[in-house]
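Residue-level structural notes
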Amino acid sequence: KWSCFTTGETVDYVLAYEDLSRQGHVSHKQKRETFESNLQQAGLLLEKDETQTIHFVKIHAPKPVLCQYAELLKLRLPIRL
């Protein structure tokens, strides 16, 4: 269940955090939401799993996004699609 999205996409990265908003750490939640929003604007796909005490955010980087950043970084490696 944890190795893929519900849509079948593979998971490339996982972020894990403990929800501290109940303890008055509201700024942590705002920073996390801003960070996740920036990841989505960059073209990454996110899926949250908040069923446990430690919450997970699964991240998938689509091939077009990887190719775009490879070009920006001027990587000189052959890319297979």
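For the structure, check the block above.
For the structure given in this document, a descriptive report is provided here. (Residues numbered from 1 in each chain as written. Predicted model: local features only at pLDDT ≥ 70, side-chain atom pairs only at ≥ 80, totals over all residues. Heavy atoms only, no water.)

**Regarding the pairing of strand 3 (residues 54-60)**
Walk down a regular strand and you will see the side chains alternate between the two sheet faces. The condition that has to hold: A 1.4 Å probe rolled over the protein chains alone gives each residue an accessible area, and that area as a share of the maximum for its type sets the label: buried under 20%, exposed over 50%, partly exposed in between. Only runs of H or I of at least four residues qualify as helices and only runs of E of at least two qualify as strands under DSSP, and these elements are numbered from the N terminus. The pairing criterion for strands is at least two bridges between them, as found by DSSP.
By the criterion of burial, strand 3 is predominantly enclosed, with five of the seven residues buried. One ladder, built from six bridges, connects strand 1 (residues 13-18) with strand 3; its direction is antiparallel. Within strand 3, the residue paired with Leu 15 across the bridge is Val 57. Bridging between strand 2 (residues 45-49) and strand 3 involves five bridges; their strand directions are antiparallel. Within strand 3, the residue paired with Asp 49 across the bridge is Phe 56. Between strand 2 and strand 3, which pair antiparallel and follow one another directly, the connecting turn spans four residues.

**Quick word on the packing of aromatic side chains**
Put simply, the test is: Two rings from Phe, Tyr or Trp (for Trp, the six-membered ring) form a pair when their centres are within 6.5 Å of each other. A pair whose planes differ by under 30 degrees is stacked, one over 60 is edge-to-face, and the rest are tilted. Definition used: whenever NZ (Lys) or CZ (Arg) falls within 6 Å of the ring centre and also within 35 degrees of the ring normal, the charge is taken to sit over that ring.
What the rule picks out here adds up to zero aromatic pairs. The residue whose ring lies beneath Arg 32 is Tyr 17, and the NZ or CZ to ring-centre distance is 3.8 Å.

**Notes on the nonpolar core**
Formally: In this description, a nonpolar core means a group of buried Ala, Val, Leu, Ile, Met, Phe, Trp, Tyr and Cys residues linked to one another through side-chain atoms lying within 4.5 Å. By the convention used here, residues are in contact when the closest approach between their heavy atoms is within 4.5 Å.
With seven residues, the main nonpolar core is built from Tyr 17, Leu 39, Leu 44, Val 57, Ile 59, Ala 61 and Val 65. Setting aside anything within four residues of it in sequence, one finds Val 65 in contact with Ala 42, Gly 43 and Leu 44.

**What to know about the sheet that holds strand 1**
What counts is decided by this rule: For helices, the axis comes from a line fit to the C-alpha atoms of the stretch in contact; other axes are also lines fit to C-alpha atoms, and the angle between any two N-to-C directions lies between 0 and 180 degrees.
Read across the sheet, three strands follow the order 1-3-2 without closing on themselves; strand pairing throughout is antiparallel. Looking at the sheet topology across the chains shown, the edges are occupied by strand 1 and strand 2. Shown here is a sheet whose adjacent strand axes are inclined to one another by a mean of 20 degrees, direction ignored.

**Things to note about unusual backbone geometry**
Despite not being glycine, Lys 74 shows a phi value in the positive range, around 55 degrees. Relative to the assigned elements, Lys 74 resides in the segment after helix 2 (63-72). Residue Lys 74 is classed as exposed on the basis of its relative accessible area of 64%.

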